[in-house]
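Each chain, letter by letter, is given below.
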Amino acid sequence: MFDALKTLHAEKCGGNIPELFENDPQRASAFSVRFETLLFDYSKTRITAKVREGLIALCEAQDVAGRRAAMFGGGLINETEQRAVLHTALRDPDGPELLVDGEDVRAPLRKTLERMEDLARRVRSGALAGPGGTFTDVVNIGIGGSDLGPVMATLALAPYHDGPRCHFVSNVDGAHIHDILQRIDPKTTLVIVASKTFTTVETMTNAATARRWVEDGGGDPARQFLALSTSEEETAAFGIPRKHVFGFEDWVGGRYSVWGPIGLSLMLAVGPEHFRNFLAGGKSMDDHFRAAPWEQNMPVMLALTGIWHHQVCGYPTRAVLPYDQRLRRLPAYLQQLEMESNGKSVAMDGTPLPYNSGPVVWGEPGTNGQHAFYQLLHQGTTVVPAEFLVAAKGHEPELDQHHQLLVVNCLAQSEALMRGRSLEEACALMKAEGYEGAELERQARHRVFPGNRPSTTLVYPQLTPHVLGQIIALYEHRVFVEGVILGINSFDQWGVELGKELADSLLPLLRGQGSADGKDGSTRALLKFVQDAQ
């Protein structure tokens with residue numbers, strides 16, 4: 001499928017990125033996409049008009065438009081689980097009738113959202129309180145999508161917080177929950193337990209610890225616990241009343257679930273109005289994704305840039321680099337969104353993929369990363385496409401000089417990756433410092449930057465609830481388009497199951513119950529070492 005594009009790459013169709021700008025004064029505008037107040041610039045890549053034409057042909061060949069229509073229409077595009085994929089409906093509860101198995105899903109979505117808003121207002125006003133009075137803190141207990149989405153979004157929208165303080169527990173490591181609970185009051189803390197089945201081992205272990213903490217501290221779990229789950233039986237057995245349970249359908253995957261009940265902690269922090277603005281931002285990107293032509297479709301061009309870099313150019317990873325401290329958990333969020341979705345090795349029909357699937361996604365916020373791993377980005381032997389994100393302005397006008405430094409650092413890094421520094425330029429620098437002869441050249445070679453390293457930049461005016469919704473939906477649709485082009489199912493995650501099963505079998509062995517004879521030599525030795533050290 002990628003043979004024609006690989007031929008273009010082998011022929012150096014893209015060539016040298018700085019030369020592309022020299023040859024086309026309008027390149028920046030020709031290789032960027034604007035939508036509302038967002039600008040996505042992919043001009044600092046080796047994509048040319050001819051390459052873009054070939055990439056867009058992949059969308060046609062793989063019927064991205066047809067799969068997109070099926071997703072928004074409630075088709076069972078998650079074929080291995082025979083499920084629809086309708087997280088987009090969560091951010092459009094007032095839309096037209098949408099049938100799944102002959103029933104309109106909009107009415108239940110509206111009812112659930114209204115229940116969430118009612119609860120959030122009561123908590124934020126103090127009408128719903130704990131034994132110690134108005135809730136001062138919220139602890140969200142979940143893992144994977146039940147944690148990464150809400151923690152990322154809640155951190156991102158810190159300027160809009162006017163509700164209780166929100167804390168997030170995910171790791172089964174007791175240190176995580178201990179370090180959070182020791183700082184807050186068990187009588188004024190609301191605990192949210194997020195687990196679709198209410199059987200996730202890590203989440204339920206932490207939930208049981210939190211319940212004991214509330215009880216021992218004079219609290220009332222029946223008043224202080226909420227459940228985000230589809231299992232009424234399990235939540236009732238845990239002691240959570242039905243009115244405190246918020247369910248969601250099986251056509252909402254965990255990593256796509258922040259738009260619904262899983263986002264309740266965000267709503268408690270920022271309030272229902274800002275949460276609605278967040279949903280509206282996601283819907284606006286949905287509308288753009290459905291209507292814009294390929295070349296001016298932001299999610300599509302973001303996806304095609306990723307396909308070009310990974311499947312065609314062979315770059316194994318991509319770095320997500322938000323120059324926005326409040327987006328510090330976005331790289332981790334996108335790790336799950338992209339790697340759990342597209343980290344597959346078989347096509348939809350079960351045959352082995354003849355090409356690589358998703359890349360490794362990683363990153364940290366700027367400017368911190370500049371003093372950590374950017375050395376490798378600039379001078380390492382592996383090319384890492386960089387994806388920069390930056391706001392035109394911050395939320396602290398009195399600290400505008402900070403934001404100016406942030407912005408210029410972001411722009412400078414993408415420019416440096418592209419331009420590099422030649423040996424001739426490095427020699428001139430060393431000569432100015434007084435070096436001569438062989439030592440001059442030796443020193444200069446350490447200061448050469450190869451350049452021609454690709455990057456994209458997403459610029460937005462300010463990180464508001466609406467803009468955050470747009471950014472998340474942009475990346476969701478990017479993953480969808482890449483998955484369709486690759487011919488894989490982006491909406492199952494069987495790869496997480498085997499480790500869970502083996503952990504269940506190892507727990508009794510760790511406790512000295514049963515024989516480890518069936519385990520491999522390494523696992524037996526590791527078990528014995530841990531047992532001896534306990």
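Everything numeric here is computed off the predicted structure, so don't read it as measured data.

J.: How would you explain the overall build of the chain if you had to name every residue and give the values?
T.: A tally of regular secondary structure across the chain gives 23 helices and 15 strands. Projected onto its principal axes, the C-alpha positions of the chain cover 75 × 60 × 60 Å. Taken across its 534 residues, the chain has 51% of its residues classed as buried. A fraction of 75% describes how many contacts in the chain between residues 6 or more apart in sequence connect residues 24 or more apart. Element-wise, carbon and sulfur atoms account for 51% of the exposed surface of the chain, whose accessible area totals about 23,400 Å².

J.: Describe in detail the sheet that holds strand β8 (residues 165-169), supporting the description with residues and values.
T.: Paired through their backbone hydrogen bonds, the strands of a sheet run either parallel or antiparallel. Strand order in the open sheet formed by five strands is β8-β7-β9-β10-β11, and the pairing between neighbours is parallel. Of all strands in the sheet, those bounded by a partner on one side alone are β8 and β11 (245-246). Sheet analysis places strand β7 (residues 137-141) next to β8, joined by five bridges and oriented parallel. Paired with Val 138 across the two strands is Cys 166, which belongs to β8. In the packing of helix α10 (residues 201-216) onto the sheet, the strands contacted are β7, β8, β9 (189-194) and β10 (225-228), and the crossing angle to β9 comes to about 160 degrees.

J.: Please give an account of the packing of aromatic side chains that cites residues and values.
T.: A full pass over the atoms with the stated rule returns 13 aromatic pairs. Judged by centre distance (5.8 Å) and plane angle (80 degrees), the ring pair of Phe 31 and Tyr 42 falls under edge-to-face. Of the two residues, Phe 31 sits in the loop between α3 (27-30) and β1 (32-35) while Tyr 42 sits in the loop between β2 (38-41) and α4 (49-61), which places them eleven residues apart along the sequence. Take Phe 31 and Tyr 42: they sit in the same class, and that class is buried. Residues Phe 289 and Phe 480 carry aromatic rings whose centres are separated by 6.1 Å and whose planes lie at 85 degrees to one another, so their mutual orientation is edge-to-face. Pair noted here: Phe 289 is in helix α14 (residues 272-291) and Phe 480 is in helix α21 (residues 465-486), with a separation of 191 residues, a long-range link. Judged by its relative accessible area of 2%, Phe 480 is buried. Through a chain of ring-to-ring contacts, the aromatic side chains of Phe 72, Tyr 256, Phe 289, Phe 480 and Phe 491 assemble into a single cluster. The ring of Phe 31 carries the charged tip of Arg 52 above its face, separated from the ring centre by 4.3 Å. Of note, Arg 68 hangs over the ring of Phe 289, and the distance from its end group to the ring centre comes to 5.4 Å.

J.: Lay out the pattern of salt bridges with the relevant residues and their values.
T.: Close approach of charged atoms allows side chains with opposite charge to pair. Counted by the stated rule, this structure contains 27 salt bridges. Of the charged contacts, one joins Arg 276 and Glu 117 as a salt bridge, the two residues approaching to 2.6 Å between their closest N and O atoms. Placement of the pair is Arg 276 in helix α14 and Glu 117 in helix α7 (residues 106-125), with a sequence separation of 159 residues. Arg 478 serves as the salt-bridge partner of Glu 387, at 2.7 Å between the closest nitrogen and oxygen. Taken together, the residues span a long stretch of sequence, with Glu 387 in strand β14 (residues 386-391) and Arg 478 in helix α21 at a distance of 91 residues. By relative accessible area, Arg 478 is classed as buried at 0%. Each of the salt bridges in this network shares a partner with another, and the network as a whole consists of Arg 318, Glu 338, Glu 387, Arg 478 and Glu 482.

J.: If you had to explain the environment of Val 100 to someone new, which residues and values would you point to?
T.: Turning to its location among the elements, Val 100 is positioned in strand β3 (residues 99-100). Its relative accessible area of 12% is what places Val 100 among the buried residues. For the pair Val 100 and Trp 251, spaced 151 residues apart in sequence, the C-alpha separation works out to 9.7 Å. With residues up to four places along the chain from it excluded, the contact list for Val 100 reads Gly 74, Leu 86, Val 105 and Trp 251.

J.: Residues and numbers for the side chain of Gln 413, please.
T.: One can find Gln 413 in helix α18 (residues 400-419). Leaving out residues up to four positions away in the same chain, Gln 413 has contacts with Tyr 323, Gln 370, Tyr 374, His 378 and Phe 388.

Parameters and conventions
- Residue numbering note: each chain is counted from 1, following its sequence as written.
- Owing to the predicted nature of the model, reporting of local features is limited to residues with pLDDT of at least 70; listing and counting of side-chain atom pairs is limited to 80 or more, with chain, interface and lining totals taken over all residues.
- Here the side-chain values reflect all heavy atoms present in the structure, with hydrogen atoms and water set aside.
- Going along the chain from the N terminus, every DSSP run of H or I of four or more residues is numbered as a helix, and every run of E of two or more is numbered as a strand.
- For every residue, the accessible area obtained with a 1.4 Å probe (protein chains only) is divided by the maximum for its type, and the residue is called buried under 20%, exposed over 50%, and partly exposed between those limits.
- Here, residues are in contact when the closest pair of their heavy atoms is within 4.5 Å.
- Using the Shrake-Rupley algorithm and a 1.4 Å probe, accessible areas are obtained, with residue cover drawn only from the displayed protein chains.
- For two strands to count as paired, DSSP must find a minimum of two bridges between them.
- Note on geometry: axes are lines fitted to C-alpha atoms, helical ones only across the stretch in contact, with angles between N-to-C directions running from 0 to 180 degrees.
- By convention, a stacked pair of Phe, Tyr or Trp rings (six-membered ring in the case of Trp) has centres within 6.5 Å and planes under 30 degrees apart, an edge-to-face pair has planes over 60 apart, and any other such pair is tilted.
- For a ring to carry a charge above it, either NZ of a lysine or CZ of an arginine must fall within 6 Å of the ring centroid while also lying within 35 degrees of the normal to the ring plane.
- Between Lys or Arg on one side and Asp or Glu on the other, a salt bridge is scored when a side-chain nitrogen of the former is within 4 Å of a carboxyl oxygen of the latter.

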